[in-house]
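In case you want the letters, here they are:
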Amino acid sequence: MVRKIMIAGNWKMNGCLEDGVKLAKEVASAVKSRNKCPCEFVVCPPFTLLYSVKKALRGAKVALGAQDAHFNVKGAHTGDISPVMLKNIGCSYVILGHSERRADHFETSKLVNKKAVAAHENGLKTIICIGETEKQRDEGKTIEVCSAQIRESVPDNATAADTVIAYEPVWAIGTGKTPTASDVEEVHAAVRKVLSQKLGNRVASAMRILYGGSVKPNNAKEFLSLPDVDGALIGGASLKSEDFMSIADSVC
Ligand code: 13P
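About the thresholds
- Residue numbers here run from 1 along each chain, matching the order of that chain's written sequence.
- Note on the predicted model: pLDDT of at least 70 is required for a residue's local features to be given, and 80 or more for side-chain atom pairs to be given and counted; whole-chain, interface and lining totals, by contrast, use all residues.
- Values shown for side chains rest on all heavy atoms present in the structure; no hydrogens or waters enter the calculation.
- In plain terms, two cysteine sulfur atoms within 2.5 Å form what is called a disulfide here.
- Secondary structure follows DSSP: runs of H or I at least 4 residues long count as helices, runs of E at least 2 residues long count as strands, and numbering of each begins at the N terminus.
- Any two strands are treated as partners once DSSP identifies two or more bridges connecting them.
- In this analysis, axes come from line fits to C-alpha atoms, helices being fitted only over the stretch in contact, and the angle between any two N-to-C directions falls in the range 0 to 180 degrees.

Caption draft 1: The state of the cysteines, seen in detail. If you walk through the whole model with that rule in mind, you get one disulfide. The partner cysteine of cysteine 37 in its disulfide is cysteine 252, sulfur to sulfur 2.0 Å. Taking the torsion about the S-S bond as the criterion, the cysteine 37 to cysteine 252 disulfide, at about -75°, is left-handed. With a gap of 215 residues between them, cysteine 37 in the loop between helix H1 (17-32) and strand E2 (40-44) and cysteine 252 in the segment after helix H11 (241-249) connect regions that are remote in the sequence. Of all cysteine sulfurs, the one in cysteine 91 lies closest to cysteine 44, which takes part in no disulfide; the gap is 8.1 Å. The thiol sulfur of cysteine 129 is not disulfide-bonded, and the nearest other cysteine sulfur, from cysteine 44, lies at 9.2 Å.

Caption draft 2: Fine view of the sheet that holds strand E5 (residues 125-130). Taken in spatial order, the eight strands line up as E1-E2-E3-E4-E5-E6-E7-E8 and close into a barrel, and their pairing is parallel. With strand direction ignored, the average angle separating the axes of adjacent strands in the sheet is 25°. Relative to strand E6 (residues 163-167), E5 runs parallel, the two being bridged by five bridges. Residue cysteine 129 lies in a different strand from E6, and its bridge partner there is alanine 166.

Any link to function would need more than the numbers given here.
Listed below in structure tokens is the structure:
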């Protein structure tokens, strides 16, 4: 089963109009100049930049993603954004269940599942994030925690076409610390096993599992060459087009 490598940038809460458009234009032209690169590129700017970034990406094979979506399509939900709205302005992906949302907004796996169902029903593909905290890791609970998050967060009818998983150890996000390559492979293989129990072998073997957490140009190749790692979800390094592209170049 050939899984297309995904290089996704999560810009988080960074960027005003000018810098967001500039970054998007840089990424667009860099991707255009690598027309033989087999990767799928995605950028996920904050809500306020989605529309302008979409325009700045015109003509480049870079998909647009949001960083969250509500489970309702419209209505009285102050401060929220619906999957219909995201689809309408050109998003094809939405990140769900990022550990920062699980922490800052008390999002549970059950809620993430509900959001994912709504996103899929409204034509968005999801990047569903999982990952253990440092404490859970120290207690040897990494596989247990990640497996439970997969079982609860991923909809029962998820397919490899509408769902991507991102394994992001919480302690590796923005810290410069990373698990060893063999730790990452162990978790990814375990995640694929749980996906197989939940969704069947065929879906699980086609579903992409990204690694995220301090992915940088100097360590990307190590992670991206692992058999069960199908791409990267990149935070800090996605804010500099050279770094973002240099990570892609390790597989292009
Ligand atoms: P960093 O690459 O900054 O560690 O962030 C990873 C992340 O959280 C991507 O979603």
